[in-house]
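# Structure assessment
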Amino acid sequence: MRLKSLELQGFKSFPDKTLLSFPHPITAIVGPNGSGKSNLSDAIRWVLGEQSARSLRGGKMEDVIFGGAQDRRRQGFAQVTLTLEQCQDLLPDGGQEVAVTRRYYRSGESEYAINGTAVRLRDVNELFMDTGLGQEGYALIGQGKIDEILSAKSTQRREIFEEAAGISHCRHQKEETQRKLERTQENLLRIGDKLEELELQRTPLQAQAEQAQTYLALREELRVLEISLWMDQLDQQRAKSAALEKDLATARQELESCSVQADQLYAKGETLLQQLRDQQAQAEALRAQFQDNEAQLRDNRQRVELLRDRVRANEAGAQRTQADLAQQQSRRQALEADLARQQAQLTQLRAQEDALQTRMEAVRKDLEDTREQLRQADSAWQAALRRDREELAECRRREREAEEAWMALRMQEHTLGSRAKLLEEMAQHYEGYGKGVKTAMEEVRRGNLRGVFGPVGELFRVSPRDTVALETALGGAMQNLLVEDEQAGKAVLRLVKQREGGRVTCLPLTALRPAVLREEGLEREPGYLAVAAELVSCEEVLRPAVNALLGRTV
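What counts as what
Going along each chain's sequence as written, the residues are numbered from 1 onward. Only residues with pLDDT of at least 70 are given local features in this predicted model, and only at 80 or more are side-chain atom pairs given and counted; all residues enter the totals for whole chains, interfaces and linings. By convention in this description, side-chain values take in all heavy atoms of the structure and omit both hydrogens and water. Under the scheme applied here, a residue whose accessible area is under 20% of the maximum for its type counts as buried, over 50% as exposed, and between as partly exposed, the area being computed with a 1.4 Å probe on protein chains only. Each helix corresponds to a stretch of at least 4 residues labelled H or I by DSSP, and each strand to a stretch of at least 2 residues labelled E; elements are numbered beginning at the N terminus. In this description, the arc belongs to the directions extending from the helix axis to the C-beta atoms. Here the nonpolar core consists of buried residues drawn from Ala, Val, Leu, Ile, Met, Phe, Trp, Tyr and Cys, with membership extended through side-chain atoms lying within 4.5 Å. The criterion used for residue contact is that any of the two residues' heavy atoms lie within 4.5 Å. Counted as positive: Lys and Arg. Counted as negative: Asp and Glu, with His and the chain ends omitted from the count. Within this document, salt bridges are pairs made up of a side-chain nitrogen of Lys or Arg and a carboxyl oxygen of Asp or Glu, the two lying within 4 Å of each other.

- As recorded by an unreviewed UniProt entry, the protein chain carries the name Chromosome segregation protein SMC and is attributed to Evtepia gabavorous.

### Re helix α9 (residues 467-474)
- Buried within α9 are the following residues: Leu470, Glu471 and Leu474. Seen end-on, α9 carries its buried residues on one side only, within an arc spanning 95°. Facing away from the buried side of α9, by more than 90 degrees, are the exposed residues Ala469 and Thr472.
- Gly475 sits one or two positions beyond α9 and adopts a positive phi of about 60°.

### A word on the nonpolar core
- Membership of the largest hydrophobic core comes to 28 residues, with the highest contact counts inside it found for Leu6, Leu8, Phe11, Trp46, Val64 and Val80.
- Going through the elements one at a time, β1 (2-9), α1 (37-47), β3 (77-85), β4 (97-105), β5 (110-114) and α2 (121-127) are the ones with two or more residues in this core.
- For this core, the element with the most residues is α1, which contributes 5 residues.
- When sequence neighbours within four positions are dropped, the list of residues in contact with Leu6 reads Thr18, Leu19, Leu20, Phe22, Leu40, Ala43, Ile44, Val80, Thr81 and Leu82.
- Leu470, Ala532, Ala533 and Val546 belong to the second-largest nonpolar core, a separate cluster that totals 20 residues.

### Quick word on the side chain of Glu50
- Structurally, Glu50 is set in the loop between α1 and β3.
- Buried and without a salt bridge, Glu50 has Arg45 as its closest oppositely charged side chain, separated by 4.3 Å.

### Points about the pattern of salt bridges
- If you walk through the whole model with that rule in mind, you get 10 salt bridges.
- Between Asp16 and Arg72 there is a salt bridge, with the nearest N and O atoms lying 2.6 Å from each other. Of the two residues, Asp16 sits in the loop between β1 and β2 (18-21) while Arg72 sits in the loop between α1 and β3, which places them 56 residues apart along the sequence.
- Judged by relative accessible area, which is 43%, Asp16 ranks as partly exposed.
- Among the charged side chains, a salt-bridge network with shared partners connects Lys12, Asp42 and Arg57.

In structure tokens:
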């Protein structure tokens, strides 16, 4: 095994990436004081896992990072890569070269790599164990190291001899095995104590478990029945509401149709009334004309009577003047001619009277027909008006029924709201949870406890479809209390014990580890929905609890 190269970047006085190659078997580094010779030795010691800042001639580990100069900014990290060749005995694959890299940041983070693969410091120490290059090796001997070895105790010198003999690896394995055995013995003692404690708690816990199972079964049955009842009532009310809304819409449409028909009938009635008024005006005009004709007929009759009187007077005069007939022959002829004209006029007046009588009869008949049409139109209008009023009354009755149904729905909504308020109050008082959970949450409400989030059953929320599946998956864990850390859990247990509030189980978030489902291909199985943790909604700080309790539940 031989040193091939050393690459530095940001380490002490080497801010830039610097590669030092050692091609010859014997190499010496010379230079004036302060040129960085000791820094190269410190770099080799540091990359091999040195953890003491004093051994690197510094006050703290951050001092190995280049701190800056007048014209150079300080670096954010330090990195050193040590390359060794002829190392076929170190690597399992028999490789010829080993490149060990260490990087340290100002934030305190440190990284190690072997041949570019990230490893632990322990892996680096085990790699160079029994080679003389380890932390307890003899390959790096600095100033005063010989005196320190000579003045060291026998146990310290023994470590150097074991390293040189190549058996330090076995000693480390023995010490690690002994430490593991001691830890195992301690764990067995703690497990025995825990088993004894659990054995004392088993009998009351079995009784409580049976009661809890009975309660959970009854509560589940009650919840299923209540949900079924509520769903049935809700479906019925929805159906009734839909039917009533449909009836109300139909009634409104019919009411609008009746209103339109009523408006049309009112308009038609107004038209018929106007026609009736026009016909009455025509009848009045005909009656006035008839009266004028009757007056004219009376005048003509009076004329006829006068003419007849005159005829009679003329006949009397003719008789009186019979004796004077001869003398008044000419006058007689004139009178006869006048009489003939008067008779012609009388005949004409009688013809006019007959024509007027005929016309008056026709007018009377037309008037009677008009009055009959008016009576029929009025009867039809009255019948249509009665039908419209009946339809309007029916629409109002349906509207009243719809309003009554709406009021019933409002009352039922109020009833369901009261029931929801009752369930909310039960949730606030943690009904259904154990006495210990109630006692702890009451103290949290009073401000006597800090760091308590609440019971699992209250903090985990899922859709109504997945509620039963969640309760089945969690089981008794729904009664557990989620707390921030172990101190908060111990405070809850002490306070519940002081109050004699029963038993309670606390789950510290800092102690929970996520459960990961590693089985592949489950999502292709029939009936697969999702991992239970993916269906739960909660506050982001509680997500580790969800993953720990339901991360492997499908």
